[in-house]
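For reference, the chains in residue letters:
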Amino acid sequence: MRDPLLRYRVMANVVGAVLLVLVFVAVPLRYVGGHPALSKTVSPIHGALYMVLVVCVILLGRARRWPVRRVVLVALGGTVPVLSFLVERRVAAREALVRM
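Below is a short write-up of the structure.

Parameters at a glance
Residue numbering note: each chain is counted from 1, following its sequence as written. Only residues with pLDDT of at least 70 get local features here, since the model is predicted, and only at 80 or more are side-chain atom pairs given and counted; chain-wide, interface and lining totals rely on the full set of residues. Hydrogen atoms and water are omitted, and side-chain values are computed over all heavy atoms in the structure. Working definition: helices are DSSP H or I runs of at least four residues, strands are E runs of at least two. Numbering for both runs from the N terminus. The buried label applies to any residue whose accessible area, calculated with a 1.4 Å probe on protein chains only, is under 20% of its type's maximum; exposed applies above 50%, and partly exposed to all values in between. Any pair of residues with heavy atoms lying within 4.5 Å of one another is described as a contacting pair. The Shrake-Rupley method, run with a 1.4 Å probe sphere, supplies the accessible areas, and residue values consider only the shown protein chains as cover. Expected helix span is computed as 1.5 Å times (number of residues minus one). To get an axis, a line is fitted to the C-alpha atoms, and for a helix only the part in contact is used. The angle between two axes follows their N-to-C directions and goes from 0 to 180 degrees. Angle categories: roughly parallel below 35 degrees, roughly antiparallel above 145, roughly perpendicular from 65 to 115, and oblique for all the rest. Crossing chirality is assigned from the near helix's rotation relative to the far helix, an anticlockwise turn below a right angle marking it left-handed and a clockwise turn marking it right-handed. When residue character is reported, Ala, Val, Leu, Ile, Met, Phe, Trp, Tyr, Cys and Pro are called nonpolar, Asp, Glu, Lys and Arg charged, and the others, Gly included, polar. Think of a nonpolar core as a cluster: buried Ala, Val, Leu, Ile, Met, Phe, Trp, Tyr and Cys residues, connected wherever their side-chain atoms sit within 4.5 Å. Think of a salt bridge as a Lys or Arg side-chain nitrogen and an Asp or Glu carboxyl oxygen that are within 4 Å of each other.

1. Regarding the overall build of the protein
Part 1: Secondary structure summary: the protein contains four helices and zero strands in total.
Part 2: Written out in order from the N terminus, the α and β elements of the protein read α-α-α-α.
Part 3: Once the C-alpha set of the protein is aligned to its principal axes, its extents read approximately 50 × 25 × 20 Å.
Part 4: Taken across its 100 residues, the protein has 33% of its residues classed as buried.
Part 5: A separation threshold of at least 6 residues defines the contact pool for the protein, and within that pool the share at least 24 residues apart is 70%.
Part 6: Summed over all atoms, the accessible surface of the protein reaches about 6400 Å², with 68% contributed by carbon and sulfur.

This is the structure in structure tokens:
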């Protein structure tokens, strides 16, 4: 994958999916069900994937010459459940308009 936008889109969706599993499955199992194993496994995976997402956002921002504020806001999209999907859609739509 040479296109930074495609890399970002893939990572945003992967991070978003893992975050949904973490927040809506693993954390309730840990604190309500008393089964911390899934949370202990998914949490570091999400953290590592989020770091990859941040690198992808930085590379995309540099390639498209985004202001630092936009890079930070797009990167923060991976920290809130469902927001990464919404931000990814908006970034993809905006970049499609810019390329026209």
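Next comes the rest of the account.
2. Focus: helix α2 (residues 37-64)
Part 1: Given a rise of 1.5 Å per residue, 28 residues ought to cover 40 Å, and the 41 Å separating the end C-alpha atoms of α2 matches this to within 8%.
Part 2: Ser39, Val42, His46, Tyr50, Leu53, Cys56, Val57, Leu60, Gly61 and Arg64 are the residues of α2 that are buried.
Part 3: Contacts made by the buried residues of α2 are with α1 (4-31), α3 (68-76) and α4 (83-99).

3. Points about the packing of α1 against α2
Part 1: Two numbers describe how α1 lies on α2: the axes approach to 8 Å, and their chain directions differ by 155°. When the axes of α1 and α2 are compared, the pair comes out roughly antiparallel. Both α1 and α2 take part in a crossing whose hand is left-handed.
Part 2: Looking at side-chain class alone, the contact of α1 with α2 contains 26 nonpolar, three polar and four charged residues.

4. Things to note about the nonpolar core
Part 1: Residues Tyr8, Leu53, Val57, Leu60, Trp66, Val74 and Val91 are the most contacted members of the largest nonpolar core, which totals 16 residues.
Part 2: For this core, the secondary structure elements donating two or more residues are α1, α2, α3 and α4.
Part 3: Other than its neighbours up to four places away in sequence, Trp66 contacts Leu60, Gly61, Val71, Val74, Val91 and Glu95.
Part 4: Counting five residues, the second-largest nonpolar core is a separate cluster that includes Leu19, Leu22, Ala26 and Val42.

5. Focus on the pattern of salt bridges
Part 1: Using the criterion set out here, one finds three salt bridges in the structure.
Part 2: A salt bridge links Arg64 to Asp3, with the nearest nitrogen and oxygen atoms 3.7 Å apart. Residue Arg64 is located in helix α2, and its partner Asp3 is located in the segment before α1; the two are separated by 61 residues in the primary sequence.
Part 3: The closest approach of N and O atoms between Glu88 and Arg9, which form a salt bridge, is 2.4 Å. With a gap of 79 residues between them, Glu88 in helix α4 and Arg9 in helix α1 connect regions that are remote in the sequence.

Honestly, that's just the spatial picture; any functional story needs more than this.
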